[in-house]
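# Residue-level structural notes
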Amino acid sequence: MRVCRIAPRKPAIVSDHVEPAPSLSSRVSRRALLGTAALLAAGCTGKQPPAREGVPVGDKSWFTRLVPAAEVEAAGTQQYLQLMQQAGQQHALLPALHPQVLRLRAIAARLIPFAPQWNPRAEQWRWEVNVIASPQLNAFCMPGGKIVFFYGILDKLKLSDDEVAMVMGHEIAHALREHARERLAKTGTTRLAVGAVSTLLGFGNVGDTLLHMGGQLLTLTFSREDESEADLVGMELAARAGYDPAASVSLWQKMAQAGQGAPAAFLSTHPSGNTRIADLQRNLPRVAGLYARAPKPVERFEVAAPLAPPQPASAPGPGA
Ligand SMILES: [Zn+2]
């Protein structure tokens, strides 16, 4: 069941709990009330009650407007395709029927329907999910909806389905909230500030700029605020999709433990401190109702088996 958003098209959705149909005047005043509450939640007034059920997240950064979304999504797709090509050449792309690929695609299929609530462009995204047979502990979702997991995060952390959904939700949230777009815009404006000749603000050669920057999309480091936002939005996406939000806490506890060994790339950009875990814990009640009412996944998947050592490209096949 969908629950109302900040500005529901039909105010009646507000009463998805049992209530008689409101009169016109009460609907109008309810709409006014909703509007006010939405403004308060989106604005800078701090601790106002949330106007919608779910996590409290404000407007997208103003900076995102400096770079066209379509350009960032195109760069994301291009970078993703390059990575897929490289992985394919190195026989490191798991086949479509691999149990973990099936698993991730099944989980993504449950999360994706809730994405357009956060970004209407996501309705048109051509979502893809792939797994790279690499021991690295990493995962990302490119602007435009291209999701990649590195096998290491699945098997080293022995992620449950709920925890996979939290990682995936987090990464999807970065894409939906356009954190890369914000980061690129900020990079561009910083350059302008130091006097570099650039037409970024005029969008003159922004395509070239992003083409050049495409490789950076994979290695972007988001701000602590972006990370926190991705945690919360991701947790809500997963809860609506029927995954236990408490898994966000166990996930980051596992991350923290993994970080005590050799620090992985993902952990250097995603510090798993007590603050992060406490933030998630504090927000669990905000998504508890969504999770309670969400249909739960019927199919549950096995935890990833240890990654098999890579086969040399020239190795003969079985029976050859
Ligand atoms: Zn992140």
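Structure shown above.
Scanning the chain from terminus to terminus reveals 11 helices and three strands. The secondary structure elements of the chain, listed N-terminal to C-terminal, are α-α-α-β-β-β-α-α-α-α-α-α-α-α. Evaluated residue by residue, the chain yields a buried proportion of 36% over its 320 residues. Residue pairs at least 24 apart in sequence account for 73% of intrachain contacts in the chain once pairs closer than 6 positions are excluded.

Strand order in the open sheet formed by three strands is β1-β3-β2, and the pairing between neighbours is mixed. In this open sheet, the two strands that pair with only one neighbour each are β1 (128-132) and β2 (139-142). In this sheet, neighbouring strand axes are inclined to one another by 15 degrees on average, regardless of whether the strands run parallel or antiparallel. Here β1 pairs with strand β3 (residues 146-150) via five bridges, running parallel. Looking across to β3, one finds that Asn130 is bridged to Val148. Of the strands in this sheet, β1 and β3 are in contact with helix α3 (residues 99-111), which crosses β1 at around 150 degrees.

Moving on to the packing of helix α9 (residues 247-259) against helix α11 (residues 274-293). Remark: α9 packs on α11, axes separated minimally by 9 Å, with the N-to-C direction vectors making an angle of 170 degrees. The orientation of α9 relative to α11 falls into the category roughly antiparallel. Across the interface between the two elements, Ser248, Val249, Trp252 and Gln253 of α9 pack against Arg276, Ile277, Leu280 and Gln281 of α11. Class assignment for the residues of the contact of α9 with α11 results in four nonpolar, three polar and one charged.

Between two packed helices, both the angle of their axes relative to each other and the distance between the axes serve to describe the pair. In the contact formed by α3 and helix α5 (residues 161-176), the axes pass within 10 Å of each other and the chain directions differ by 60 degrees. It follows from the interaxial angle that α3 and α5 lie oblique. Taken as a pair, α3 and α5 cross one another with a handedness that is right-handed. Where α3 abuts α5, its residues Leu104, Ile107, Ala108 and Leu111 lie against Asp161, Val164, Ala165, Met168, Gly169 and Ile172. Taken together, the residues of the contact of α3 with α5 sort by class into eight nonpolar, one polar and one charged.

Membership of the largest hydrophobic core comes to 65 residues, with the highest contact counts inside it found for Leu111, Ile153, Ala165, Met168, Ile172, Val233 and Ala238. At nine residues, α5 tops the list of elements feeding residues into this core. Filtering out sequence-adjacent residues up to four positions away, Ala238 remains in contact with Leu111, Ala165, Met166, Gly169, Tyr243 and Pro245.

With that settled, consider α11. A rise of 1.5 Å per residue sets the reference length of α11, with its 20 residues, at 28 Å; its end C-alpha atoms lie 29 Å apart and thus fit the reference within 8%. Along its length, α11 reaches its greatest deviation from straightness, about 50 degrees, at Val287. Within α11, the full set of buried residues consists of Arg276, Leu280, Asn283, Val287, Leu290 and Tyr291. Against the buried residues of α11 lie α8 (224-240) and α9.

Our focus in this paragraph is unusual backbone geometry. One non-glycine residue, Lys158, adopts positive backbone phi at about 45 degrees. Here Lys158 lies in the loop between α4 (151-156) and α5. The class of Lys158 is exposed, set by 11 C-beta atoms lying within 10 Å. Of note in this structure, Glu178 is not a glycine but carries a positive phi near 55 degrees. Take Glu178: it is sitting in the loop between α5 and α6 (179-193).

We now examine the environment of Ala185. Tracing the sequence through the fold places Ala185 in helix α6. You can call Ala185 buried: it has 22 C-beta atoms within 10 Å. Sequence-wise, Ala185 and Arg65 are 120 residues apart; in three dimensions their C-alpha atoms are separated by 8.0 Å. Non-local contacts of Ala185, meaning those with residues more than four positions away in its chain, are made with Phe63, Thr64, Leu66 and Val67.

Conventions adopted
- Residues numbered from 1 in each chain as written.
- Predicted model: local features only at pLDDT ≥ 70, side-chain atom pairs only at ≥ 80, totals over all residues.
- Helix = DSSP H or I, 4+ residues; strand = E, 2+ residues; numbered from the N terminus.
- Buried ≥ 20, exposed ≤ 12 C-beta atoms within 10 Å, placed from the backbone.
- Contact = placed C-beta atoms within 7 Å.
- Pairing = 2+ DSSP bridges.
- Axes fitted to C-alpha atoms, helices over the stretch in contact; angles between N-to-C directions.
- Parallel < 35°, antiparallel > 145°, perpendicular 65-115°, else oblique.
- Nonpolar A, V, L, I, M, F, W, Y, C, P; charged D, E, K, R; others polar.
- Left-handed = near helix turned anticlockwise from the far one by under 90°.
- Core = buried A, V, L, I, M, F, W, Y, C linked by C-beta atoms within 7 Å.
- Expected span 1.5 Å × (residues − 1).
- Bend = angle between axes of the 7 residues up to and from the residue.

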